[in-house]
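What follows is each chain in one-letter form.
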Amino acid sequence: QVQLEESGGGSVQAGGSLKLSCTASGPTFDPYSIGQMGWFRQAPGKEREFLAAHTHIHPFTYYADSVKGRFTISRDNTKTTVFLQMEGLIPEDTAVYYCAAGNGNIWFQYGYNYWGQGTQVTVSS
């Protein structure tokens, strides 16, 4: 079993910044068996959308067009924690942000086996 725990959400004014963290743990967690860790978000009344992913074997980062240039994903050297640095936040970024880990298609929810419970990000105008 693998657990993912997010932190760092909160409320911020438009133009502000937040940094989310997600730490993986569990008795069967092996960071080298996880192909990628990523971030998704879900706004009220909308589908969950991919934001960014960081792959492990050949370290590379992927971003949705909606956040490219504003959000940065990174991973610590132990490969157990992934971060999402968010800059230039706008009200449309308001959502619950989820961390995920898996070995499938990085762009879609079905590519991830493990999910965190989510952390709320609220951006006010």
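A brief look at the structure comes next. (Residues numbered from 1 in each chain as written. Predicted model: local features only at pLDDT ≥ 70, side-chain atom pairs only at ≥ 80, totals over all residues. Heavy atoms only, no water.)

**Some details on the state of the cysteines**
Okay, so step 1: In this structure the tally under the stated criterion is one disulfide.
Okay, so step 2: Sulfur-sulfur distance for the disulfide between Cys 22 and Cys 99 comes to 2.0 Å. Here the disulfide of Cys 22 and Cys 99 is left-handed, its torsion about the S-S bond being about -75°. Of this pair, Cys 22 sits in strand S3 (residues 18-25) while Cys 99 sits in strand S9 (residues 95-102), and the two are 77 residues apart along the sequence. (Disulfide = S-S within 2.5 Å. Helix = DSSP H or I, 4+ residues; strand = E, 2+ residues; numbered from the N terminus.)

**Section: the pairing of S9**
Okay, so step 1: When you tally the buried positions in S9, you get seven out of eight residues, the bulk of the element.
Okay, so step 2: Sheet topology places strand S4 (residues 36-42) next to S9; seven bridges connect them, and they run antiparallel. Each bridged residue has a counterpart across the sheet, and for Arg 41 the counterpart in S9 is Tyr 97.
Okay, so step 3: Sheet topology places S9 next to strand S11 (residues 119-124); three bridges connect them, and they run antiparallel. Across the sheet, the residue bridging to Ala 95 is Val 121, located in S11.
Okay, so step 4: Examined bridge by bridge, S9 and strand S10 (residues 114-115) share two bridges and lie antiparallel to one another. (Buried < 20%, exposed > 50% of the residue type's maximum accessible area, 1.4 Å probe, protein only. Pairing = 2+ DSSP bridges.)

**A look at the sheet that holds strand S7 (residues 71-75)**
Okay, so step 1: What the four strands build is an open sheet, ordered S1-S3-S8-S7; its pairing is antiparallel. The open sheet has two edge strands with one neighbour each: strand S1 (3-7) and S7. Here the average twist between neighbouring strands, direction ignored, is 15°.
Okay, so step 2: Here S7 pairs with strand S8 (residues 81-86) via five bridges, running antiparallel. Note on S8: the bridge partner recorded for Ser 74 is Phe 83. (Axes fitted to C-alpha atoms, helices over the stretch in contact; angles between N-to-C directions.)

**Describing the pattern of salt bridges**
Okay, so step 1: A full pass over the atoms with the stated rule returns four salt bridges.
Okay, so step 2: Note that Asp 93 and Arg 41 form a salt bridge whose closest N and O atoms lie 2.8 Å from each other. Note that Asp 93 is positioned in the loop between S8 and S9 and Arg 41 in strand S4, a separation of 52 residues in sequence. Take Asp 93 and Arg 41: they sit in the same class, and that class is buried.
Okay, so step 3: The closest approach of N and O atoms between Arg 70 and Asp 93, which form a salt bridge, is 2.8 Å. On the criterion of sequence distance, the pair formed by Arg 70 in the loop between strand S6 (61-63) and S7 and Asp 93 in the loop between S8 and S9 is long-range, its members being 23 residues apart.
Okay, so step 4: For Arg 70, a relative accessible area of 18% corresponds to the buried category.
Okay, so step 5: Overall, Asp 93 belongs to the buried group, its relative accessible area being 1%.
Okay, so step 6: One network of salt bridges, in which partners are shared, links Arg 41, Glu 49, Arg 70 and Asp 93. (Salt bridge = Lys/Arg side-chain N within 4 Å of Asp/Glu carboxyl O.)

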